Amino acid sequence: MQTRRDFVGSIAATGAALTLPVPVKAAPAGMFVALNTSLTNNQVQWPEFVRLAARVGYGGADFNLGTPMKDGAAAAAELYRSLNLRPSFCNLPVNPTADEDVYRKGMGSLEDAAKFVSAIGDRKSTRLNS
């Protein structure tokens, strides 16, 4: 069983490892491992989340639509390009299990979300969620 002291020591070591410089490689052409926001407990926000993915050697990073869409597709695409990362997964704004009003609101914003995702180069965003 891990003690609190062991846990704190492992967290400190992890934090120290994240500050080490990692050479940025080109994103792979085929399959790649992407940093998912659940791995940081949603504590690292855009654009630092994408920078963290590059720093620790991921090939891509997931994103939520909110802030990147406000910043614009060109800025988001440039961020990924400058870090040699690929955008990977995002939730689309449609929740098919929600009530009718929430569903229709999501459908109303789906076209803009799809255009944004396409503009930054993500071809895998097929999960529907609000």
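Every value quoted in this text rests on a predicted model; they were computed, and no experiment measured them.

A. Layout of the sheet that holds strand β3 (residues 86–87). Spatially, 3 strands are ordered β1-β2-β3 in an open sheet, and the strand pairing comes out parallel. Looking along the sheet, the strands with just one partner apiece sit at the ends: β1 (34–35) and β3. Here β1 runs beside strand β2 (residues 60–61); their pairing, made up of 2 bridges, is parallel. Within β2, the position partnered with A34 by the bridge is G60.

B. The arrangement of the nonpolar core in detail. Counting residues in hydrophobic clusters, the biggest one holds 21 residues, and the most contacted among them are V50, F63 and Y80. Those elements giving two or more residues to this core turn out to be α2 (48–55), α4 (73–82) and α5 (100–120). Of the residues forming this core, the biggest block, 5 residues, is contributed by α2. Those residues in contact with V50 that sit more than four places away from it in its chain are A61, L79, Y80, L83 and L85.

C. Just unusual backbone geometry, in detail. Here the amide bond leading from W46 into P47 is cis, since omega sits at 0 degrees, within 30 degrees of zero. Here P47 shows up in the loop between β1 and α2. In the Ramachandran plot, N41 falls in the positive-phi region, its phi being about 55 degrees despite a non-glycine side chain. For N42, which is not glycine, the phi torsion reads 55 degrees and is therefore positive.

D. Quick peek at the confidence of the model for the chain. Scored by pLDDT, the chain has a mean of 81; 71% of the residues are at 70 or more. When pLDDT is averaged over each element of the chain, α2 comes out on top at 97 and helix α1 (residues 4–18) at the bottom at 56. Every residue in residues 122–130 is under pLDDT 50, and counting partners more than four places away or in other chains gives 26 contacts.

E. Inspection of α4 at higher detail. Along α4, the residues classified as buried are A76, L79 and Y80. The buried residues of α4 occupy an angular sector of 95 degrees when projected down its axis, which confines them to one face. Turned more than 90 degrees away from the buried face of α4, the exposed residues are A74 and R81. Contacts from the buried residues of α4 go to α2, β2, β3 and α5. Just beyond α4, the residue with positive phi is N84, at close to 55 degrees.

F. The environment of L35, seen in detail. As for its placement among the helices and strands, L35 is situated in strand β1. Residue classification places L35 among the buried residues on the basis of a relative accessible area of 4%. Between the C-alpha atoms of L35 and D62, which are 27 residues apart in sequence, the distance is 6.2 Å. L35 has contacts with F49, L52, A53, Y58, G60, A61 and D62, leaving out every residue within four places of it along the chain.

G. Structural view of the packing of aromatic side chains. Within this structure, the stated rule accounts for 3 aromatic pairs. On the basis of an interplanar angle of 70 degrees and a centroid distance of 6.3 Å, the ring pair of F63 and F116 is categorised as edge-to-face. On the criterion of sequence distance, the pair formed by F63 in the loop between β2 and α3 (66–71) and F116 in helix α5 is long-range, its members being 53 residues apart. F116 matches F63 in its accessibility class, with the two residues each being buried. Among the aromatic residues, ring-to-ring pairing joins W46, F63, Y80 and F116 into one connected group.

Calculation notes
Here the residue numbering is sequential within each chain, running from 1 through the sequence in written order. The predicted nature of this model means local features are confined to residues of pLDDT at least 70 and side-chain atom pairs, given and counted, to a pLDDT of 80 or more, with totals for whole chains, interfaces and linings taken over all residues. Only heavy atoms go into the side-chain values, all of them from the structure, while hydrogens and water stay out. Note on pairing: two strands pair once DSSP finds at least 2 bridges between them. Labels follow the DSSP assignment, with helices taken as runs of H or I lasting at least four residues and strands as runs of E lasting at least two, numbered in each case from the N terminus. Residues enter a nonpolar core if they are buried and are Ala, Val, Leu, Ile, Met, Phe, Trp, Tyr or Cys, with the set joined through side-chain atoms within 4.5 Å. Each residue's exposure class comes from its accessible area (1.4 Å probe, protein chains only) as a fraction of the maximum for that residue type: buried when under 20%, exposed when over 50%, partly exposed otherwise. Should any heavy atoms of two residues lie within 4.5 Å, those residues are considered in contact. Per-residue confidence from the prediction method is given by pLDDT, with values spanning 0 to 100. What the arc covers is the set of directions going from the helix axis to the C-beta atoms. Centres within 6.5 Å make a pair out of two Phe, Tyr or Trp rings, where for Trp the six-membered ring is used; the pair is then stacked when the planes are under 30 degrees apart, edge-to-face when over 60, and tilted otherwise.

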